[in-house]
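Understanding the architecture of this molecule
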Amino acid sequence: MADESASTPPVTPEGRSTPKINTKVAHPARIYDYYLGGKDNFPSDREAAEKMISATRGGVRAGARQNRAFLVRAVRALTDAGIRQFLDIGTGIPTSPNVHEVAQQAVPDARVAYVDNDPIVLVHARALMTGTGGTSIIQADLREPGTILEDPQTRATIDFTQPVGVLLVAVLQFFTEADDPHGIVRRLLAAVPAGSHLVVSHYTADFNPAAATRGAVGAYDKATAPLVPRDREEVGRFFTGLDMLDPGVVQASQWRPDGPVPDIPGGHPWVWAGAGVKP
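Figured I'd write up the structure that's included with this text. Quick caveat: nothing in here was measured; it's all calculated off a predicted structure.

Topic: the overall build of the protein
If you tally the helices and strands in the protein, you get 10 helices and 8 strands. Across the protein, every contact between residues at least 6 apart in sequence was considered, and the portion connecting residues at least 24 apart equals 70%.

Shown next as structure tokens:
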């Protein structure tokens, strides 16, 4: 694995250089990996994660698992609705089952374009996707949606004349209002045709004591991106102009659960989630 001491930035198979990995600054993708019990993280990531775990009394770990389970159910729901291609932005360090594994189980020729801004994600994703057809991965920032949409690899994977499943799972919470996250989502949706679906999950403080929220937000003070809680109404605004899929914007664990929702104290109220379709 590359680290910040590397003298030369790594080069992608396409001949692109990627930034050196700064292990001293916590990154949301690696913090999330730690929540899920992964090993692809560094002391700075673990320090931030432990602060978040303490602030949420351990609930963030259960919440992360519920968020991941929501992603799996949402991808299945989209394939049932006829979606055959997915744009997964802010994919994070690969954790099985991945979007392409879930989608291709239902639709063998499903295509998935992954996007993340952390070079560590690209290293692991490329290793995982060796020999996997219908997938691509690029390093790009959601703050520049045009770069994502026009990237040759994205264009080679996604046919923007056909419906697309746009996945923004646990990523918009790292954008301040100055970043205009609602405007970013509008630009993405403007680029896809009718019948496309949007899937969003987002950290919330709606159910949490103020002190817990301050501790959770503070855990990301030294990370590459801040943590910005949003309430149910603000999360619902991401779906403006879309037809919501039942049951609307709900806690992640309660979005079309496969069975009874387990009683995990503190594990459910941290994430709003929903999906909608472009009419």
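Points about the environment of His124
Relative to the helices and strands, His124 resides in helix 5 (residues 119–128). Look at His124 and you get partly exposed, because its relative accessible area is 22%. C-alpha of His124 to C-alpha of Gly92: the two residues are 32 residues apart in sequence and 9.7 Å apart in space.

Considering the pairing of strand 2 (residues 111–116)
Most of strand 2 is tucked away: 5 of the 6 residues are buried. Both strand 1 (residues 85–89) and strand 2 contribute to a ladder of 5 bridges, which runs parallel. Within strand 2, the residue paired with Phe86 across the bridge is Val112. Tracing the backbone out of strand 1, into helix 4 (residues 99–106) and back to the parallel element strand 2 gives a crossover that is right-handed. In the sheet, strand 2 pairs with strand 3 (residues 135–139) via 5 bridges, with the strands oriented parallel. Bridge assignment links Ala113 to a residue of strand 3, and that residue is Ser136.

Some details on the packing of helix 1 (residues 28–35) against helix 2 (residues 43–55)
Here helix 1 crosses helix 2 at 60°, and the two axes come no closer than 9 Å. Considered as vectors, helix 1 and helix 2 are oriented oblique to each other. Classified by chirality, the crossing of helix 2 by helix 1 is right-handed. Seen from helix 1, the contacting residues are Arg30, Ile31, Tyr34 and Tyr35; seen from helix 2, they are Asp45, Arg46, Ala48, Ala49, Glu50, Met52 and Ile53. Residues of the contact of helix 1 with helix 2, tallied by class, amount to 7 nonpolar, no polar and 4 charged.

How each quantity is defined
Residues numbered from 1 in each chain as written. Predicted model: local features only at pLDDT ≥ 70, side-chain atom pairs only at ≥ 80, totals over all residues. Heavy atoms only, no water. Helix = DSSP H or I, 4+ residues; strand = E, 2+ residues; numbered from the N terminus. Contact = heavy atoms within 4.5 Å. Buried < 20%, exposed > 50% of the residue type's maximum accessible area, 1.4 Å probe, protein only. Pairing = 2+ DSSP bridges. Right-handed = clockwise from strand over helix to strand, strands pointing away. Axes fitted to C-alpha atoms, helices over the stretch in contact; angles between N-to-C directions. Parallel < 35°, antiparallel > 145°, perpendicular 65-115°, else oblique. Left-handed = near helix turned anticlockwise from the far one by under 90°. Nonpolar A, V, L, I, M, F, W, Y, C, P; charged D, E, K, R; others polar.

Note that every value here comes from positions in space, so none of it alone points to a role or purpose.
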